[in-house]
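The chain contents come next:
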Amino acid sequence: MEQMIRQVLADYGRLPVDAMTLDVDADLYRCGLTSHASVNVMLALEDAFDVEFPQELLRKKTFESIFAIEQALSGLVTSDRVSSV
Amino acid sequence: MRGDAGLSDRVHALALEYVAPAADEVDRDARFPKESIEALRSERLLSALVPANLGGGGARLSDIAAVVAELGRHCASTAMVFAMHQIQVACLVRHGDTAFLTDYVREEVVGGEALLASATTEVGIGGDVRSSSCAVEAGGGRFRLHKQAPVISYGQFADAILATARRCETSPPSDQVLVLCRRPHLSLEPISDWDTFGFRGTCSLGFELDADDVDDCILSDPYADISERTMLPVSHILWAHVWLGIADAAVSTARAHVRREARKKPGATPPAAVHLAELMAVYLPFRAVAEQVARHFDESEHGTDTLGSLAFAIECNSLKVAASTLVVDIVGRAMRICGMTGYREDSEFALGRLLRDAHGATLMVNNDRILANSAQMLLVAKEA
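All values reported here derive from a predicted model rather than from experimental measurement.

Calculation notes
- Residues numbered from 1 in each chain as written.
- Chains lettered and ligands numbered in written order.
- Predicted model: local features only at pLDDT ≥ 70, side-chain atom pairs only at ≥ 80, totals over all residues.
- Heavy atoms only, no water.
- Axes fitted to C-alpha atoms, helices over the stretch in contact; angles between N-to-C directions.
- Helix = DSSP H or I, 4+ residues; strand = E, 2+ residues; numbered from the N terminus.
- Parallel < 35°, antiparallel > 145°, perpendicular 65-115°, else oblique.
- Contact = heavy atoms within 4.5 Å.
- Nonpolar A, V, L, I, M, F, W, Y, C, P; charged D, E, K, R; others polar.
- Buried area = accessible area lost by both parts, 1.4 Å probe.
- Salt bridge = Lys/Arg side-chain N within 4 Å of Asp/Glu carboxyl O.
- Polar contact = N/O pair within 3.5 Å; in protein donor to acceptor, adjacent residues only side chain to side chain.
- Buried < 20%, exposed > 50% of the residue type's maximum accessible area, 1.4 Å probe, protein only.
- Pairing = 2+ DSSP bridges.
- Phe/Tyr/Trp six-rings, centres within 6.5 Å; stacked < 30°, edge-to-face > 60°.
- Left-handed = near helix turned anticlockwise from the far one by under 90°.
- Core = buried A, V, L, I, M, F, W, Y, C linked by side-chain atoms within 4.5 Å.
- Domains from an automatic or database assignment.

Participant: Help me get a handle on the packing of helix α3 (residues 61-74) of chain B against helix α4 (residues 76-95) of chain B, residues and values and all.
Facilitator: All names here are of chain B. Relative orientation of the contacting elements α3 and α4 amounts to 155°, with a least axis distance of 6 Å. Here α4 runs roughly antiparallel to α3, going by the angle between their axes. On α4, the residues that touch I64, V67, V68, L71, G72 and H74 of α3 are A76, T78, A79, F82, A83 and Q86. Residues of the contact of α3 with α4, tallied by class, amount to eight nonpolar, four polar and no charged.

The following block contains the structure:
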């Protein structure tokens, strides 16, 4: 799952740093993630994991780090799908 | 001051005595409405939004919004200066919870009724307030900031300016902080004039800003959070009330004109009366929505996380776009009702200043930018 998140960040996060080597706890906003880019990241994650973020997860905190994204997705993706990722 | 009916009476009296008499001169000479701001200061209204436990008036945002609209009926420039000041106060009291910033609020904003201004845009950035090129240089307990600001409304009359900048020299453009730049640790060098179609009294010159002060002046919350939770919603709500005040003035003028026509021929409804009825059908929903969004903000202070939600951001953006478009429509309708007496500058029904001020509404933070921002949020926002 973490690798797929990193790939989405690399493709849509428009970060000035390498998403592949970023610390899982690094603050993505401090790394240059804009609110504009975070919406694209959200859409790409929904597509990649075939999930929909519910209203209560649509906030800045959900996307503040790779770890936070993984936490949010873990609650949405069924356990079967996680193991196949 | 909570729910204080006396507040609107006080502001109404103050507006008639100080704000209205100066309005035409403020507009003609593009000068700062100093007597209006002085009157607001001596009534302790500059600190009205500061919580009571810090010595302020403890007003709700909807109370402040009502004051802004009342001022806007008489002088849109005064209303805008007051609104912009309150936006900065809101940012400070909601995001400056350190001992240093709390002391500043208590001693300067309340004790000194300090006037606060804002420097969010930057030369070379193109109007995107969520992006900075200048950076805070901090070290040894102090900071330095140099910023080229294309506009700082009433900058030369302000006691302090809240400026955005990158967190440090290595930060990306979107990683911003908000910095309190206080006189006398602040210098402003004008780089452009302010000679505009409307809102001429806000004196929104461009400045080269230099600040050198203790690093306690840097607000600890990231600007992204301050913007989302306070600056954007409060700006949209208070600006909408400036425009509501302009609309109020236009509607009052149109009503007075129709009444005068009716008195000339009792028994025959003047032709313009039906246009006045149409005008009310545009104006009243505008007023209702502006007041409703202000109430939503106040209600969200207790408990739920409405302020960080996409739904509330879309609501505020939509208010800005609707209100700024409707105010031009409303003044235009009032002009058609009043006819040539509205078009004349020397009549009691003159609407020229209102029309010029109204046109600023769609431009200050351009509606295209706001709509693009809402469009993006609508891609992911779920219906409530």
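Participant: Please give an account of the interface of chain B and chain A that cites residues and values.
Facilitator: The partner chain A presents 20 residues to the 17 residues of chain B that form the contact. When chain B packs against chain A, the two sides together hide about 1500 Å² of surface, and 51% of this comes from carbon and sulfur. The shortest N-O distance in the salt bridge between K60 of chain A and D225 of chain B comes to 2.8 Å. Our count for the contact surface shared by chain B and chain A stands at four residue pairs in polar contact (both at pLDDT 80 or more). Listing elements by their share of the side of chain B that touches chain A, those giving two or more residues are α6 (223-264) and α8 (310-338) of chain B. By residue number, the principal contributor to the side of chain B that touches chain A is α6 of chain B, which donates three residues. Residues of the side of chain B that touches chain A, tallied by class, amount to seven nonpolar, three polar and seven charged.

Participant: Go over the pattern of salt bridges with me, naming the residues and quoting the values.
Facilitator: Pairing between side chains of opposite charge can happen when their charged atoms approach one another. Residue and element names in this part refer to chain B. Using the criterion set out here, one finds 25 salt bridges over all chains in the structure. For the salt bridge of R287 with E291, the shortest nitrogen-to-oxygen distance reads 3.1 Å. With R287 and E291 both in helix α7 (residues 272-300) and four residues apart, this pair spans about one turn of that helix. Looking at E291, the relative accessible area reads 31%, which means it is partly exposed. Each of E70, R73, D248, R287 and E291 takes part in salt bridges that share partners, so that together they form one network.

Participant: If you had to explain the pairing of strand β3 (residues 142-149) of chain B to someone new, which residues and values would you point to?
Facilitator: Residues and elements named next belong to chain B. Side chains of β3 alternate between two faces, with F143, L145, K147 and A149 buried and R142, R144, H146 and Q148 left unburied. Where strand β2 (residues 137-139) lies against β3, three bridges are found, and the strand directions are antiparallel. Bridging from a neighbouring strand, A138 pairs with F143 of β3. Count of turn residues in the β2/β3 antiparallel hairpin: two residues, of which G140 carries a positive phi of about 60°. As paired strands, β3 and strand β7 (residues 206-214) are joined by eight bridges and run antiparallel to one another. Looking at the pairing, R142 lines up with V214 of β7.

Participant: An account of the packing of aromatic side chains is needed here, citing residue identities and associated values.
Facilitator: For the structure shown, the criterion picks out four aromatic pairs over all chains. Judged by centre distance (5.3 Å) and plane angle (65°), the rings of F53 of chain A and F63 of chain A are edge-to-face. Of this pair, F53 of chain A sits in the loop between α2 (35-49) and α3 (66-76) while F63 of chain A sits in the loop between α2 and α3, and the two are 10 residues apart along the sequence. Its relative accessible area of 2% is what places F63 of chain A among the buried residues. Taken together, a centroid distance of 6.4 Å and an interplanar angle of 35° make the contact between F32 of chain B and Y154 of chain B tilted. Taken as a pair, F32 of chain B in the loop between α1 (5-29) and α2 (34-42) and Y154 of chain B in the loop between β3 and β4 (160-166) lie far apart in primary sequence, 122 residues in all.

Participant: I'd love a proper account of the packing of α8 of chain B against helix α10 (residues 352-359) of chain B, names of residues and values included.
Facilitator: All names here are of chain B. Interhelical geometry of α8 versus α10 gives an angle of 160° and a closest axis separation of 9 Å. As the angle between them shows, α8 and α10 are arranged roughly antiparallel. Once α8 is placed against α10, the crossing between them reads as left-handed. Residues V327, V328, V331, G332 and M335 of α8 pack against L354, L355, A358 and H359 of α10.

Participant: Any chance you could break down the nonpolar core for me, citing the residues and the numbers?
Facilitator: By size, the foremost hydrophobic cluster in this structure holds 122 residues, and its most contacted members are L209 and W243 of chain B. It is α6 of chain B that provides the largest number of residues to this core, a total of 18 residues. Excluding residues within four positions of it along the chain, L209 of chain B makes contact with A119, L145, H146, K147, I152, I161, A163, C181, L186, S187 and L188 of chain B. Counting 33 residues, the second-largest nonpolar core is a separate cluster that includes I5, A26 and L33 of chain A together with M377 of chain B.

Participant: Let's hear about the domain arrangement of chain B: which residues, and what values?
Facilitator: Residue and element names in this part refer to chain B. Domain annotation of chain B identifies domain 1 (5-110), domain 2 (116-217) and domain 3 (223-378). A C-alpha centroid distance of 21 Å is found between domain 1 and domain 2. On the side of domain 2, 21 residues touch domain 1, which itself brings 22 residues to the contact. With both chains or domains summed, domain 1 and domain 2 bury close to 1800 Å², and 69% of this area falls on carbon and sulfur atoms. Area buried by domain 1 at its contact with domain 2 is led by F32, Q88 and F100, which between them contribute 32% of it. Linking domain 1 to domain 2 there are one salt bridge. One salt bridge in this structure joins R41 and D159, with 3.3 Å as the shortest N-O distance. For the interface between domain 1 and domain 2, the tally reads six residue pairs in polar contact (both at pLDDT 80 or more). Where the side of domain 1 that touches domain 2 is concerned, the elements lending two or more residues are α1, α4 and α5 (99-110). At 10 residues, the largest contribution of residues to the side of domain 1 that touches domain 2 is made by α4.

Participant: Before we move on, could you go through the pairing of β4 of chain B and cite the residues and values that matter?
Facilitator: All names here are of chain B. Most of β4 sits inside the fold, with seven of its seven residues counted as buried. Along β4, one buried face is formed by A160, L162, T164 and R166 and the opposite face, lined by I161, A163 and A165, is buried too. As judged from the four bridges shared by strand β1 (residues 116-119) and β4, these two strands associate in the parallel manner. For A119, the partnering residue across the bridge sits in β4 and is A163. The pairing of β4 with strand β5 (residues 176-182) spans seven bridges and is classified as antiparallel.

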